[in-house]
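For reference, the chains in residue letters:
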Amino acid sequence: MIEYPEIDRYASLDSPLHLFDPRAKLIAFLFLIFSVVLIPDLKIAFIGLFFAIFMLILSRIPLTFVLSYMKWVAMFVLSFFIILAFTFPGEEIAEFYFLSITAEGLYTGSLITIRAFSAVILIFPMIGTMRFDTTIKALDRLKVPNSLVQMLMFTYRYIFVFVDEFQRIWTAMESRGFKLRTTLYALRTIGNAMGMLFVRSYERAERVYQAMRSRGYTGNPKTLVEFEIRMKDYLLAVSIIGFAVSLHTISFFLP
Amino acid sequence: MKEAITVRDLNYMYSDGTRALEDVNMAVYEGERVAIVGPNGAGKTTFLLHLNGILHSTEGQVEVFGTSLGKVKREEIIKDVGLVFQDPDDQLFMPTLFDDLAFGPMNLGLKEDEVRERVKKALLLLGLSGYENRCPHHLSYGEKKKASLAAVMSMEPRILVLDEPTANLDPRSRAELIGIIKELNEREGTTIVIATHDVNAVPALANRVYVLNKRIIAEGTSQKIFSDFELLRANNLEVPEISKLFEVLQCFGYNCEELPLSIDEAIEHLTRTVEVNGGHIHLHVHEHTHDEVKKLKSKYEHHKTF
Amino acid sequence: MKEAITVRDLNYMYSDGTRALEDVNMAVYEGERVAIVGPNGAGKTTFLLHLNGILHSTEGQVEVFGTSLGKVKREEIIKDVGLVFQDPDDQLFMPTLFDDLAFGPMNLGLKEDEVRERVKKALLLLGLSGYENRCPHHLSYGEKKKASLAAVMSMEPRILVLDEPTANLDPRSRAELIGIIKELNEREGTTIVIATHDVNAVPALANRVYVLNKRIIAEGTSQKIFSDFELLRANNLEVPEISKLFEVLQCFGYNCEELPLSIDEAIEHLTRTVEVNGGHIHLHVHEHTHDEVKKLKSKYEHHKTF
Amino acid sequence: MVHISDGVLSLPVLAAGWAITIALIAITLWWSKRKGSIVEEIPKLSVMTAAFFVASLIHIAIGPTSVHLILSGLVGVILGILAYPAIFIGLILQAFLFGHGGVTVLGVNTIDMGIPALVAYGIFKAGNKLIPSESLTSKAGLLGALTGGIAVALAVSLTAGMLYTLGKEYTWAIKALIIYHIPIIVIEAIIVGSVVAFLVKVKPELIGSLGGEKE
Ligand SMILES: Nc1ncnc2c1ncn2[C@@H]1O[C@H](COP(=O)(O)OP(=O)(O)OP(=O)(O)O)[C@@H](O)[C@H]1O
Ligand SMILES: Nc1ncnc2c1ncn2[C@@H]1O[C@H](COP(=O)(O)OP(=O)(O)OP(=O)(O)O)[C@@H](O)[C@H]1O
Ligand SMILES: [Mg+2]
Ligand SMILES: [Mg+2]
């Protein structure tokens, strides 16, 4: 029914990116992602894509794992690509019955697709090379407002509890003959099941809060972390950022 | 006897790679009460989910009344096999108890009259008549447990599968539920399969016991299973309290080959032993009694001291 | 003896109008192990939440080591009283086990070294060393239960309050947990308060028992509470299995004034009785034995037949 | 899918999206703090956010494809103005854990879902006051359906607006987006309606906009 989110399944591998200081890694890669999605030129976009793939290979995260995560982006981007290819006004290069593909459509569609794929691929070397709790701690050290960091932390923790909880509710429904169809009855039943999920979540929220209070929660839990930034982290970060910048200056030198 | 459930070489692995079941074989006969015991994480729940086709594995086969579950639609299976979950909140999600009890029969495609009939019968059976319009979420825990059983009963399955029916109940509700399950089996002939940790309830609940710990470790009557200490210890299990005490009595010279497992059996055993021994039993302390008792105590001590 | 917890005339009503506690009075002495038993919905959990100031009521008073909870900051209270919730998922909210165990001590304002020290000690105590970096949601149920105890232990409270510590555990984990709780009390002198349905565990867990059913119905040693059948029956409770069997033995002519409640007590009782009776005990069947046994059985039968 | 992916929008739109979102998060948090301590809200808000996250993973088949629910209307009805930061957190997790949406578009995507949530909250609250209540459950159910539907429609309009900034060459893409979402509007209306009716019956204090604990 629903999948378990586990982007950090390969966080315990060993690679230069796994050893990269989390804070420096987040900053460098976020910079790179922003840079990649704003590339105006298809050729340079390809350079960006190759670099993203290079980073992925460097991270040793298996390709099959990455592909399984890309299906949503692929669905969005590919349908966008097809629609643009057929509807974008411009020079027609092929025809199917009453539809025609334009060069401009193809170009724009490809540019968007490449940029989107590069951005998704870069998530893996960035987030997939450390445990998600480390990501959250790194965000905290990077001075993201504490209330947001806390929300991220608790939300992340309880997603797993609720996936299991909803899975059990769902299984119980199926075992009494329920089938998910697009009918009024089925949709209303899902509504009830979801209502139940919220009621239980709310009650759990109450208990969690009590449990936190009874261990002295006052609003800003601190965690102990040992991040140690070294020369090589600076170097790596600077070179990634340098590359990101060069993606936008390189066009001056291209024909 | 007819086989109600036949499981052959069942294997199951969760998508994250956890092997929950390995080469499980099991046969449950019609009208039986079978208990499945095993430690936390042994795969009991996983196994039960296979019995009505919620989980299915390509390796191995589950047959219900001779029909392989792979070959029929789930609607057919759930008519025969009703599954009651451990946490009643998982199962009660409609705004009123009536709706919840009607949910299963409605999905079976029954007519409205028939649905009402079934709901009424299930409520009566579990002593919940008059609760039709209550919101299940606001019932007490014991009531919720009964309601979740009723919600499956209303589908009138021939096989009833229960996951930890006695957990978290107070002793009275626990005894009540055990009573209801037994009566269902004896009066209506419903075949019963139960997964449980509650070893004290097993002898009353089941005619036959399987020990599951990924694979089937052992099978037999409660007597057989609960007399094999090594087996129990290796699988984080225990004997019922009553049996422990009879082992103690043995140290004091009481003669018994088979340890009684429940109060009823204990009474019977005592009566029989007394009669065999000409109306009298002598308990006494020998030199070796204390040693034996000590040995026994260490046998029962599960936890490492630290 | 010093009073660790004193509760006077405590009343509590939930915002929806449910009266959960009425005029509750209780005194727990330092170094004691006290069990609170009662049916589902009796208000046990509600009561425990008052002991560290999570819930507070204007009617009535809770004192910890002589200080009224109304008068001090919560930070002061939680240093003394650690509360372990029933569902470990409520309590393990941090992304790693280390963070979770460090959460309490950090909030107490301890230094980093001290925090690490405490976490290490708590992990060791519960046999969880090496689990520091595990995510709580990937632990097994038994491990989660131990982890949630460890998370409170790391705060080193003088009073430990536990809600249903043995529920849903397999017999070995259950025995282990009982052992850990006892050792904590005996070695470290921690005062223990436990709410539980597990009557078979009560004699081992507690020196003294309170029966709660909105109000305090009774108080006393396990012996005293478990010998009052009317009381138990009225509050959906039961005697431990061992006691049931000794009642049966009484029908067969075994002499005992106080029923043993656990295996250990049973052994002691048997030894003593044999010695008092000149090395022998006779069990026999009289005409009235069968009647007595029948009466006894009906006394134990909780559930109405239908 | 109202989630716009990375790589589609232009820099000014992305930047504006981040600016508006950061401002709205600051405002909503400040507003809630004003009414009392937010310390208590954070754990509860997080747990509810996790529940929404999980509920939005449910896939419903429409013809050959399947859609996942958006639920921004429901988030608004339940969480009130704090729906905005909650949706932001939910989207961060979706981007990081599932690759839904993207990182650079977090700002605009939060607008696309968060504004409709705030509007839904307003409509539900106003409707609840205006319409004289016969049966609370059926009124809440109807209002829920209405706000659920409106929220999706609004989210689609906002997304369409964002795409429109790219130029009129994208007209067809925008039309396709709208057509694709029409059945989703209906589905969400039904589901949100029945969730709200359920909650009013079973746990009314959960619905902030009924004037319960959470305003
Ligand atoms: N959805 C899941 N995904 C991955 N692993 C799972 C899942 N559900 C259960 N498991 C794992 O499969 C194994 C068997 O779990 P199962 O719940 O069947 O055990 P159980 O015998 O019912 O335990 P308990 O006595 O605690 O209820 C465990 O190791 C568990 O962690
Ligand atoms: N948040 C709440 N709002 C309203 N009523 C509540 C709430 N929590 C508990 N109650 C009610 O208060 C009473 C006491 O509940 P409590 O959970 O304290 O019982 P308990 O003795 O712990 O039961 P159990 O043995 O089932 O755990 C019950 O009637 C319960 O329905
Ligand atoms: Mg189980
Ligand atoms: Mg309780």
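Going by the structure above, here's the rest.
Just so we're clear, the structure is a prediction, and the values are computed from it rather than from any experiment.

Asks: I would appreciate a short explanation of the site of ligand 2 in the present structure.
Replies: All names here are of chain C. What surrounds ligand 2 is a group of 14 residues, the closest being Gly41, Lys44, Thr45, Thr46 and His197. Here Asn40 contributes a side-chain N or O atom positioned 2.9 Å from an oxygen atom of ligand 2. The contact in question runs from an oxygen atom of ligand 2 to an N or O atom on the side chain of His197, over 2.8 Å. Contact with the protein chains hides 67% of the accessible area of ligand 2, taken as 640 Å² for the molecule alone.

Asks: Before we go on, may I ask you to explain the interface of chain A and chain D in this structure?
Replies: Interfaces are often sized by the amount of accessible area the parts lose when they come together. With 68 residues of chain A in contact, the opposing surface of chain D contributes 75 residues. The contact between chain A and chain D buries some 6600 Å² in all, and 82% of this surface belongs to carbon and sulfur atoms. When the buried surface of chain A facing chain D is broken down by residue, Trp72, Phe198 and Tyr202 of chain A rank first, second and third, together holding 13% of it. Residues Lys44 of chain D and Glu206 of chain A are paired through a salt bridge, measuring 3.3 Å at the closest nitrogen-oxygen approach. Our count for the chain A to chain D interface comes out at four residue pairs in polar contact (both at pLDDT 80 or more). At the level of elements, α2 (22–37), α5 (71–87), α6 (103–127), α8 (146–174) and α9 (184–213) of chain A are the ones that each hand at least two residues to the side of chain A that touches chain D. Take the side of chain A that touches chain D: its biggest share by element is 19 residues, from α9 of chain A.

Asks: What should I look at first to understand the packing of α9 of chain A against helix α7 (residues 171–202) of chain D in this one?
Replies: The axes of two packed helices give the description: the angle between them and the distance between them. Contact geometry for α9 of chain A and α7 of chain D: axes closest at 8 Å, N-to-C directions at 45°. As the angle between them shows, α9 of chain A and α7 of chain D are arranged oblique. Regarding α9 of chain A and α7 of chain D, the two cross each other, and that crossing is right-handed. Residues Leu184, Leu187, Arg188, Ile190, Gly191, Asn192, Met194, Gly195, Met196, Phe198 and Val199 of chain A of α9 of chain A lie in contact with α7 of chain D, whose contacting residues are Ile187, Ile190, Ile191, Ser194, Val195, Phe198, Leu199 and Val202 of chain D. When its residues are assigned to classes, the contact of α9 of chain A with α7 of chain D shows 14 nonpolar, four polar and one charged.

Asks: I'm lost on the interface of chain C and chain B in this one. Help?
Replies: Every contact between the two is made by 58 residues of chain C and, on the other side, 58 residues of chain B. Carbon and sulfur atoms supply 63% of the area that chain C and chain B bury against each other, a total of about 5500 Å² over both sides. Connecting chain C to chain B are zero salt bridges. Applying the counting rule to chain C against chain B returns eight residue pairs in polar contact (both at pLDDT 80 or more). Mapped by element, the contributors of at least two residues to the side of chain C that touches chain B are α6 (141–153), α7 (171–188), α11 (241–251), α12 (263–276), β11 (280–284) and α13 (287–300) of chain C. Partitioning the side of chain C that touches chain B into residue classes produces 26 nonpolar, 18 polar and 14 charged.

Asks: What is the right way to read the pairing of strand β9 (residues 208–213) of chain B from this model?
Replies: Successive side chains on a regular strand alternate, one facing one side of the sheet and the next facing the other. Residues and elements named next belong to chain B. Among the six residues in β9, five count as buried, and that is most of the element. The sheet contact formed by strand β3 (residues 33–37) and β9 spans four bridges and is parallel. Residue pairing for β9: Val37 is matched across the bridge by Val211. Two strands pair when backbone bridges link them, and β9 and strand β10 (residues 215–220) are joined in this way by five bridges, in the antiparallel orientation. Paired with Val211 across the two strands is Ala218, which belongs to β10. Linking two consecutive strands that pair antiparallel, namely β9 and β10, is a turn of one residue; a positive phi of about 70° is found at Lys214 within it.

Asks: I keep staring at the relation of the copies chain C and chain B and nothing clicks. Help me out?
Replies: Mapping between the two chain copies consists of a rotation about an axis together with a translation along that axis. The two copies are related by a screw motion: chain C maps onto chain B through a turn of 180° and a shift of 0.1 Å along the axis, at an RMSD of 0.3 Å. The transformation just described matches what one would write down for a two-fold rotation axis. For chain C, the residue whose C-alpha comes nearest the rotation axis is His282 of chain C, separated from it by 2.4 Å. Interface overlap between copies: 100% of the residues of chain C at the interface are likewise at the interface in chain B, consistent with a symmetric, same-surface contact.

About the thresholds
- Residues numbered from 1 in each chain as written.
- Chains lettered and ligands numbered in written order.
- Predicted model: local features only at pLDDT ≥ 70, side-chain atom pairs only at ≥ 80, totals over all residues.
- Heavy atoms only, no water.
- Near = heavy atom within 4 Å.
- Polar contact = N/O pair within 3.5 Å; in protein donor to acceptor, adjacent residues only side chain to side chain.
- Areas by Shrake-Rupley, 256 points an atom, 1.4 Å probe, with all protein chains shown as cover.
- Contact = heavy atoms within 4.5 Å.
- Buried area = accessible area lost by both parts, 1.4 Å probe.
- Salt bridge = Lys/Arg side-chain N within 4 Å of Asp/Glu carboxyl O.
- Helix = DSSP H or I, 4+ residues; strand = E, 2+ residues; numbered from the N terminus.
- Axes fitted to C-alpha atoms, helices over the stretch in contact; angles between N-to-C directions.
- Parallel < 35°, antiparallel > 145°, perpendicular 65-115°, else oblique.
- Left-handed = near helix turned anticlockwise from the far one by under 90°.
- Nonpolar A, V, L, I, M, F, W, Y, C, P; charged D, E, K, R; others polar.
- Buried < 20%, exposed > 50% of the residue type's maximum accessible area, 1.4 Å probe, protein only.
- Pairing = 2+ DSSP bridges.
- Least-squares fit on C-alpha atoms with pLDDT ≥ 70 in both.

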